[in-house]
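Descriptive structure summary
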There are 2 protein chains.
Amino acid sequence: MGAPQFSPVTPEFITRLQSLVGEANVSTRQADIDLHAHDESHWPAHPAEVVAWARNAQQVAEVLRLANEARVPVTPWGAGTSLEGNSIPLQGGLVLSLEQMNEIVKVHADDFQVTVQPGLGYKDLNEKLRRYGLFFPPDPGANASIGGMLANNAAGSRTVKYGATKDNVLRIQVALADGRLIEAGCRSVKQSSGYDLLHLFVGSEGTLGVITEATLKLWPIAEFSSAAIATFDDTESAVETVVAVRGSGLEPAALEYIGRDNVRLMNTIEGLYFGENIALLMELSAAHQQTLLDGLATLEEICKEMGATSFRGTTDTAERKAIWEARHGSLEILRRHNPDTRFMSVDVSVPISAYPELVLHIEGVLQEFGGIPGYLVGHAGDGNMHMGLSYRDDASYEVARKINERVVHKAIELDGTSTGEHGVGYGKRKYMQREHGESLDVMRTIKQTLDPNGILNPGKVLPDAE
Amino acid sequence: MGAPQFSPVTPEFITRLQSLVGEANVSTRQADIDLHAHDESHWPAHPAEVVAWARNAQQVAEVLRLANEARVPVTPWGAGTSLEGNSIPLQGGLVLSLEQMNEIVKVHADDFQVTVQPGLGYKDLNEKLRRYGLFFPPDPGANASIGGMLANNAAGSRTVKYGATKDNVLRIQVALADGRLIEAGCRSVKQSSGYDLLHLFVGSEGTLGVITEATLKLWPIAEFSSAAIATFDDTESAVETVVAVRGSGLEPAALEYIGRDNVRLMNTIEGLYFGENIALLMELSAAHQQTLLDGLATLEEICKEMGATSFRGTTDTAERKAIWEARHGSLEILRRHNPDTRFMSVDVSVPISAYPELVLHIEGVLQEFGGIPGYLVGHAGDGNMHMGLSYRDDASYEVARKINERVVHKAIELDGTSTGEHGVGYGKRKYMQREHGESLDVMRTIKQTLDPNGILNPGKVLPDAE
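Remember, it's a predicted structure, so these values are computed and weren't measured experimentally. (Residues numbered from 1 in each chain as written. Chains lettered and ligands numbered in written order. Predicted model: local features only at pLDDT ≥ 70, side-chain atom pairs only at ≥ 80, totals over all residues. Heavy atoms only, no water.)

With that settled, the discussion passes to the side chain of B:Asn277. All names here are of chain B. Summarising the element assignment, Asn277 is placed in the loop between α9 (260-266) and β14 (278-286). Judged by relative accessible area, Asn277 falls into the buried class, the value being 17%. From its side chain, Asn277 meets the backbone oxygen of Asp233 in a polar contact 3.4 Å long. Reaching out from Asn277, the side chain makes a polar contact with the side chain of Arg260 at a distance of 2.6 Å. Sequence-distant contacts of Asn277, that is, excluding residues within four places in its chain, are made with Phe232, Asp233, Ile258, Gly259, Arg260 and Val263. (Helix = DSSP H or I, 4+ residues; strand = E, 2+ residues; numbered from the N terminus. Buried < 20%, exposed > 50% of the residue type's maximum accessible area, 1.4 Å probe, protein only. Polar contact = N/O pair within 3.5 Å; in protein donor to acceptor, adjacent residues only side chain to side chain. Contact = heavy atoms within 4.5 Å.)

Put into structure tokens, the structure is as follows:
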């Protein structure tokens, strides 16, 4: 399989595109090209030749058929919040935006399900679901589009209890490269019928097809919730506490690790105190107030037993919100305190038992490179660790790149993965061979089968064939 | 894609097979052929030409390479407990048994994971895990092999809380038709790296590859558990109670529907009483005794409010066990009371909101065919319904077949599936076009890509091309 051969976008292609989606929904204006040339990662921008906005699934399918026949590369676009260059149109061509397909198609309240269009924002969805007492739990922090979350298999703080995006989707409609529009999965929560195409498309980052509709699993919003902060003096105690909490049967709704550098930053927020060293940030939820209080007591007992230097649990809604806003805003706080600095986002995940070794390795590598701060924050309950590696110039970029690579290699060595939740995109392609070995050949075969001309989001997920 | 062309098993093939797995592990004895000619379904037996037992993954891969080159069909074999003819060697050829690969490879206790060989029995695994305080929750009732559970994406009573087999596997090793041995997934609970080959192979019923090793997710055994039986006079109240319990945030570990005919049978067990009509059987589990008691109180409140005629909750271990043994033994009780009768097993699943309509439809169809008993038992919390349709001769078989078909069509019409947990096997192939539409073409393409000679479990999952 050689590199795909693409054709440039021609005036004739644009005319045909306009006839499919309407003149107003096709743009070659510089402002639109610029807006769709980059995501929220540090990876360099690249312009598309044209941007088009689809308004329904049929249009998506027809646009793909057109682009496939014309050999024009297509990069699907949700909200542009990805962190590994997943939505950058590396080969130019067409950016196909789903932003206008942002409606709730149907709330199936009794089924705890909602059917949505792919351009709907994650936060917007949950805002609209509140009156049903339901929510869609994968929590990527940003207001990512649902389509983008599905494409990347996004996850976040609540995955420890509720799973990642892939665990919370039942059915999708997908447009294939050749213009077919198919469905995968069904609204029954159980299905053992045929091959699991649903999970083949979910996480494929728009390289196998474009998701045009999805039915998501929802969860009842817990009646009672609490937040707890436990502080520790050393990595080992903190991480062993994570393992102990996971083993207690408490089923926390969040279980986060906050490293020294971030603890200090987050302490600058008025009214919050995360200790002086390492903090674990936890959430419990329950259907009864008493269950919650019992849970908090058990949690405190476990943390103290494992060596916590302090423990603060709260059921106060305002305090709980402030704590979680601080956690979700940690990257923003980091940027505010370092206005001249850019950050490379690290995202690796390992089995929980390997978490101490991973964290100690990271601390060792940071030391090796002169003790630069790592700004660790991790979804510890899942073995997922993030880091914000700062850089200002080519030399410090090269240091950040090397540290990231060392950490990724270590994660893979520990039976983990190069990416827990940000996806492969452009940035992690170079680790695919190391992580997947011969499976990568099977992935290539499937790509070749479903997208023989390679028009779908080229340059992502799979490394170029050698 | 035409029907695959197979070659008969030759003496030369057997010699080469013996050289791969050892002479003692190849058999053409009638007793072995007979033992591997049928599963636990009503589908007719068909003999293989030879049975071989592999002892490790490398042997599985080499046997597949040999069979692929010789164009000999291969039907993988776990424990033979499937219910749709999934493991019947329809085209003869080789039955490749994994029964001797029945070891725990490693318990990763801190990670709540275990790595096992595919021939290990489900009950045997959980017996061995007990001392770690952990268990593998999908609960197919039978002592299915783990490999078979993965291949069929088996599920059961505890799926409502813990998910199906596909939700409880992190990593597999798979032998492909051409003899490659690959890995899919990884031991990190989070992974957004590359295409989800793990879930492509899980549920593919041995038609895309043979699973040779798997790392499973385990869960802590709950400290405290309770069982509850609520009785109802009508279907609607019972099923609306299911929806209400699911919405309460109680997260029951089981939520089962027992129809009239089965209630009467199960009442024959000494010391148990399931009412005179419809019963819901529920389980709650918790880390604290008080949480459990609070949960039971809430559950009783909900059931009474929704019209339960009685409610009995218990935390007594012996009583709880007796109740669950009765539930799991319901098919056996049915057979004991009907020694001259065979049963066709029905397995459909729908969104929970469609459960009342499904159940009323089933009751209507049973009436239409002369009011024959249906013996309904369902994993109601998942929208999954089973039925045991009795038959004694060709005429009553034809009635059972027609009822099953009507129920499957209704389930698909209600956004559900022809099979919630038994898999497609041989029996449900005829519904694939109706259920999947154009997706079936994509499934066929993937089969063609991974098994171009069609040697893997032929005649299963995909209907013959027309």
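There is more to say, and it comes next.
Residues A:Ile146, A:Ile172, A:Leu216, B:Ile146, B:Ile172 and B:Leu216 are the most contacted members of the largest nonpolar core, which totals 81 residues. Not counting the four nearest positions on each side in its chain, A:Leu216 is found in contact with A:Phe112, A:Gln113, A:Val114, A:Val116, A:Leu125, A:Phe136, A:Ile146, A:Leu150, A:Asn168 and A:Val169. (Core = buried A, V, L, I, M, F, W, Y, C linked by side-chain atoms within 4.5 Å.)

This brings us to the domain arrangement of chain A. Residue and element names in this part refer to chain A. Domain boundaries assigned for chain A yield domain 1 (11-99 + 445-450), domain 2 (104-220), domain 3 (224-330) and domain 4 (338-427). Summing both partners gives a buried area of about 730 Å² for domain 2 against domain 3, and 45% of it is carried by carbon and sulfur. By the criterion of area lost to domain 3, the three top residues of domain 2 are Ser157, Val160 and Lys161, representing 66% of everything that side buries. For the pair domain 2 and domain 3, the number of links is one salt bridge. Across the pair Glu283 and Arg158 runs a salt bridge whose closest N-O atoms are separated by 3.0 Å. Applying the counting rule to domain 2 against domain 3 returns three residue pairs in polar contact (both at pLDDT 80 or more). Split into classes, the residues belonging to the side of domain 2 that touches domain 3 amount to two nonpolar, two polar and three charged. (Domains from an automatic or database assignment. Buried area = accessible area lost by both parts, 1.4 Å probe. Salt bridge = Lys/Arg side-chain N within 4 Å of Asp/Glu carboxyl O. Nonpolar A, V, L, I, M, F, W, Y, C, P; charged D, E, K, R; others polar.)

For the rest of this paragraph, the subject is the side chain of B:Asn168. All names here are of chain B. Relative to the helices and strands, Asn168 resides in the loop between α6 (159-162) and β8 (169-175). By relative accessible area, which is 0% here, Asn168 ends up buried. Of note is the side chain of Asn168, whose polar atom sits 2.9 Å from the backbone oxygen of Tyr162. Here the side chain of Asn168 touches Ala164 through a polar contact of 3.0 Å, landing on its backbone oxygen. Excluding its chain neighbours within four sequence positions, the residues that come into contact with Asn168 are Phe136, Pro137, Pro138, Tyr162, Gly163, Leu216, Lys217 and Trp219.

With that out of the way, let us pick up the interface of chain B and chain A. You'll often see interface size given as the accessible area lost when the parts meet. Taken together, the contacts link 80 residues of chain B with 80 residues of chain A. Of the roughly 6,300 Å² buried at the junction of chain B and chain A (both faces included), carbon and sulfur atoms supply 57%. Taken as a group, B:Lys190, B:Ser192 and B:Tyr195 account for 15% of the area that chain B buries against chain A, more than any other trio of residues on that side. Between B:Asp382 and A:Lys190 there is a salt bridge; the shortest N-O distance is 3.3 Å. The set of elements that each furnish at least two residues to the side of chain B that touches chain A consists of α6, β9 (181-185), α7 (197-201), α8 (235-247), α10 (289-305), α15 (432-436) and α16 (439-450) of chain B. It is α16(B) that provides the largest number of residues to the side of chain B that touches chain A, a total of nine residues.

As a further point, take helix α12 (residues 330-337) of chain B. Residue and element names in this part refer to chain B. Buried residues of α12: Ser330, Ile333 and Leu334, and no others. All buried residues of α12 project into a common sector of 100 degrees when viewed along the axis, lining one side. Exposed side of α12, more than 90 degrees from the buried face: Glu332 and Arg336 are the residues found there. Its buried side turned inward, α12 meets α9, α11 (317-328), β16 (342-349) and β17 (376-379). (Arc of directions from axis to C-beta.)

Let us look at the relation of the copies chain B and chain A. It takes a turn of 180 degrees to lay chain B on chain A, together with a shift of 0.0 Å along the axis; the resulting RMSD is 0.0 Å. Each copy turns onto its partner about a two-fold axis. If distances are taken from each C-alpha of chain B to the rotation axis, the shortest is found for B:Thr291, at 2.8 Å. Comparing interface residues between copies, 100% of those in chain B also lie at the interface in chain A; the contact surface is shared. (Least-squares fit on C-alpha atoms with pLDDT ≥ 70 in both.)

Further remarks concern the confidence of the model for chain A. When pLDDT is averaged along chain A, the result is 95, and 99% of the positions lie at 70 or above. Interface confidence for the predicted complex, given as ipTM, is 0.96, next to a pTM of 0.96. (pLDDT = per-residue confidence, 0-100.)

Attention shifts here to the packing of aromatic side chains. Residues and elements named next belong to chain B. Across all of its chains, the model carries 14 aromatic pairs over all chains by this definition. Both rings, one in Trp43 and one in Tyr426, keep their centres 5.2 Å apart while their planes meet at 90 degrees; by these two values the pair is edge-to-face. In this pair, Trp43 is assigned in the loop between α2 (30-35) and β2 (50-53) and Tyr426 in the loop between α14 (394-413) and α15, connecting sequence segments 383 residues apart. Residue Trp43 is classed as buried on the basis of its relative accessible area, which comes to 14%. (Phe/Tyr/Trp six-rings, centres within 6.5 Å; stacked < 30°, edge-to-face > 60°.)

So, about the environment of A:His361. Secondary-structure assignment places A:His361 in helix α13 (residues 355-368). The contact partners of A:His361, leaving out residues within four places of it in the chain, are A:Arg406, A:Val407 and A:Lys410.

Let us look at the packing of α13(A) against helix α14 (residues 394-413) of chain A. Residues and elements named next belong to chain A. Where α13 contacts α14, the two axes come as close as 10 Å, and the packing angle between them is 155 degrees. The pairing of α13 with α14 is recorded here as roughly antiparallel in orientation. In this structure, α13 crosses over α14, and the sense of that crossing is right-handed. Within the contact between the two elements, α13 uses Glu357, Leu358, His361, Ile362, Val365, Leu366 and Glu368 and α14 uses Ile403, Arg406, Val407, Lys410 and Ala411. (Axes fitted to C-alpha atoms, helices over the stretch in contact; angles between N-to-C directions. Parallel < 35°, antiparallel > 145°, perpendicular 65-115°, else oblique. Left-handed = near helix turned anticlockwise from the far one by under 90°.)

Assignment of secondary structure puts A:Asp340 in the loop between α12 (330-337) and β16 (342-349). C-alpha of A:Asp340 to C-alpha of A:Ser390: the two residues are 50 residues apart in sequence and 9.8 Å apart in space.

Residues and elements named next belong to chain A. If you trace the four strands from one edge of the open sheet to the other, you get β1-β2-β4-β3, paired in mixed fashion. The sheet is open, and its two edges are formed by β1 (26-27) and β3 (74-77), each paired on a single side. Pairing of β1 with strand β2 (residues 50-53), which is carried by two bridges, proceeds in the antiparallel orientation. Looking at β2, one finds that Ser27 is bridged to Val51. The strands that helix α1 (residues 11-21) touches are β1, β2 and β4 (94-97); relative to β2, the one it contacts most, it runs at about 15 degrees. Where helix α3 (residues 57-70) meets the sheet, its contacts fall on β2, β3 and β4, and the angle it forms with β4 comes to roughly 170 degrees. (Pairing = 2+ DSSP bridges.)

All right, on to the sheet that holds strand β5 (residues 104-108) of chain A then. Paired through backbone hydrogen bonds, the strands of a sheet run either parallel or antiparallel to each other. Residue and element names in this part refer to chain A. The sheet built from five strands is open, its strands ordered β5-β6-β10-β8-β9 with antiparallel pairing. Looking at which strands have only one partner, the edges of the open sheet turn out to be β5 and β9 (181-185). Ignoring which end each strand starts from, the neighbouring axes of this sheet average 15 degrees apart.

The subject of this paragraph is unusual backbone geometry. All names here are of chain A. For Glu251, which is not a glycine, the phi torsion comes out positive at approximately 50 degrees. Following the sequence through the fold, Glu251 ends up in the loop between α8 (235-247) and β13 (254-258). Taking the relative accessible area as the measure of exposure, Glu251 reaches 30% and is therefore partly exposed. In this structure, Asn457 takes a positive phi of about 40 degrees despite not being glycine.

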